[in-house]
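Residues per chain are reported as follows:
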Amino acid sequence: MFDFKTVASVEFGVGLEEGDEQRFVIVPVDQSVQTALREMAVATGEAMSEVDDPPRPYEPSQKYGGVEHLYLPLHDGMAAQIRYLHEANNLPVNGKVMSNPANIFCYFARMIDTNKRHLTAIRRATTFKGIVKSRLVQFTTDSLKLVPDTVFKLDSDFDLLADDEGVSILRPNGFEFVGHLKEAILAAVPANIKLVQQDLSFVEFTSIQEYASQHSRAARYLASIRAQKEASNIDKIALLRLCENTGVKVQDIKGKIVVEPTSVMDFLRVLDRRLYRIELVKGLPESFRAANRSKIEKQ
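Since we're looking at a predicted model, the values are computed, not measured.

Undergrad: Please set out a nonpolar patch on the surface residue by residue, giving values where relevant.
TA: Taken together, the side chains of Leu280, Val281 and Leu284 present a nonpolar region at the surface, about 320 Å² in accessible area. Judged by relative accessible area, Val281 falls into the partly exposed class, the value being 47%.

Dropping the structure here:
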């Protein structure tokens, strides 16, 4: 575990958007800023512990609140952008990039403790950029004056912390924005289809792959099914019965379940345990979609 009491070095940097390209740049800062960044990282860890300890696994199909405590292994494909920044060597150094704050989409701190353990802390640049658009005043002697220089405001904590093992997330929206989750999940559709198909050899995935490659919500369900191994040991007869009971349109053609294009989303919800049927009133079955779900373990 990273030791904040023995921090040996702190780097500060920003992520820049330049057209369709993004890049990370180190910006030199003095000791006072380095101390503030370390305190922000400590505050982030404390905030995470107050929300949920231990953290819950990050699931791309969940709809999260503004603040959660989630975890994702660093080697996971959904952490590719974060992993790149965490492991990058010899990032360019350029303090002049701060003169154009409109291009900054995030800022980060990279720290190393005396045991050579690395920590990367990242925050989406909202307040950091927004303060530049404001007119700031400063009290000098006995009057207020407009501040003529560009001023940047650090936040009180970060959106996420990454170490050599994984990514701890405090704000899912910040993680998804900085981590390019939409693009990463859409790009992972073919690989996720291949893995899920190993468990569901009796399902025809052609129409599912075509749909998920164009619709990010479907791609998120697919990524969740793959990550949580939700397709493992599914019984074909039970799957067909649940599809029928919940109105998911499928056909059994030559031993393969073929999903109609209009039902792909609901079929993925079935696999991700988000579409279900109950009958609390005798003779009156009801079907529901779950925006979020959490498995209840047997006591």
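Undergrad: Before we move on, could you go through the domain arrangement of the protein and cite the residues and values that matter?
TA: Its domain assignment divides the protein into domain 1 (4–180) and domain 2 (188–289). For domain 1 versus domain 2, the distance between C-alpha centres works out to 38 Å. Each partner contributes residues to the interface: domain 1 has eight residues there, and domain 2 has nine residues. It is Glu59, Pro60 and Ser61 in domain 1 that bury the most area against domain 2; as a group they hold 58% of the surface buried on that side.

Undergrad: Give me the environment of Ala88: which residues, what numbers.
TA: Looking at where Ala88 falls in the secondary structure, it is placed in the loop between helix 2 (80–87) and strand 5 (104–113). When its relative accessible area of 13% is taken as the criterion, Ala88 is described as buried. Sequence separation of Ala88 and Glu260 is 172 residues, and the distance between their C-alpha atoms is 44 Å.

Undergrad: Give me the nonpolar core: which residues, what numbers.
TA: Core analysis: the largest hydrophobic core is formed by 55 residues, its most contacted members being Leu239 and Phe267. Both domains that furnish three or more residues to this core are identified here as domain 1 (4–180) and domain 2 (188–289). Those residues in contact with Leu239 that lie beyond four places of it in its chain are Phe202, Val203, Ile234, Ile257, Phe267, Val270 and Leu271. Leu37, Ala47, Val97 and Ala121 belong to the second largest nonpolar core, which has 24 residues in total.

Undergrad: Explain the sheet that holds strand 10 (residues 166–169) residue by residue, including any values.
TA: Picture the strands of a sheet paired through backbone hydrogen bonds; they go either parallel or antiparallel. Pairing in this open sheet of eight strands is mixed, and the strands run 2-1-5-6-9-10-4-3 from one edge to the other. Strand pairing shows two members of the sheet lacking a second neighbour, strand 2 (21–26) and strand 3 (56–57), which therefore form its edges. The sheet contact formed by strand 5 and strand 6 (residues 118–124) spans seven bridges and is antiparallel. Within strand 6, the residue paired with Ala109 across the bridge is Ala121. Lying on the sheet, helix 2 is in contact with strand 2, strand 5, strand 6, strand 9 (160–162) and strand 10; it crosses strand 6 at an angle near 125°.

Undergrad: Before we move on, could you go through the pattern of salt bridges and cite the residues and values that matter?
TA: Tallied over the entire structure, the rule returns 16 salt bridges. Note that Asp157 is salt-bridged to Arg171, the shortest N-O span being 2.9 Å. Residue Asp157 is found in the loop between strand 8 (143–146) and strand 9, and its partner Arg171 is found in the loop between strand 10 and helix 4 (172–178); the two are separated by 14 residues along the sequence. Accessibility assignment for this pair places Asp157 and Arg171 in one class, buried. Among the charged side chains, a network of salt bridges with common partners joins Arg123, Asp155, Asp157, Asp159 and Arg171.

Undergrad: Which residues make up the sheet that holds strand 12 (residues 250–253), and what are the values?
TA: Taken together, the three strands give an open sheet; going across it, the order is 11-13-12, and neighbouring strands pair in mixed fashion. This sheet does not close on itself; its edge strands, each paired only once, are strand 11 (203–204) and strand 12. In terms of strand pairing, strand 12 meets strand 13 (residues 256–259) through four bridges, oriented antiparallel. Looking at strand 13, one finds that Ile253 is bridged to Lys256.

The rules we used
Residues numbered from 1 in each chain as written. Predicted model: local features only at pLDDT ≥ 70, side-chain atom pairs only at ≥ 80, totals over all residues. Heavy atoms only, no water. Patch = residues over 30% accessible without salt bridge, like charges linked within 9 Å, V, L, I, M, F, W, Y side chains within 5 Å. Areas by Shrake-Rupley, 256 points an atom, 1.4 Å probe, with all protein chains shown as cover. Salt bridge = Lys/Arg side-chain N within 4 Å of Asp/Glu carboxyl O. Buried < 20%, exposed > 50% of the residue type's maximum accessible area, 1.4 Å probe, protein only. Domains from an automatic or database assignment. Contact = heavy atoms within 4.5 Å. Buried area = accessible area lost by both parts, 1.4 Å probe. Helix = DSSP H or I, 4+ residues; strand = E, 2+ residues; numbered from the N terminus. Core = buried A, V, L, I, M, F, W, Y, C linked by side-chain atoms within 4.5 Å. Pairing = 2+ DSSP bridges. Axes fitted to C-alpha atoms, helices over the stretch in contact; angles between N-to-C directions.

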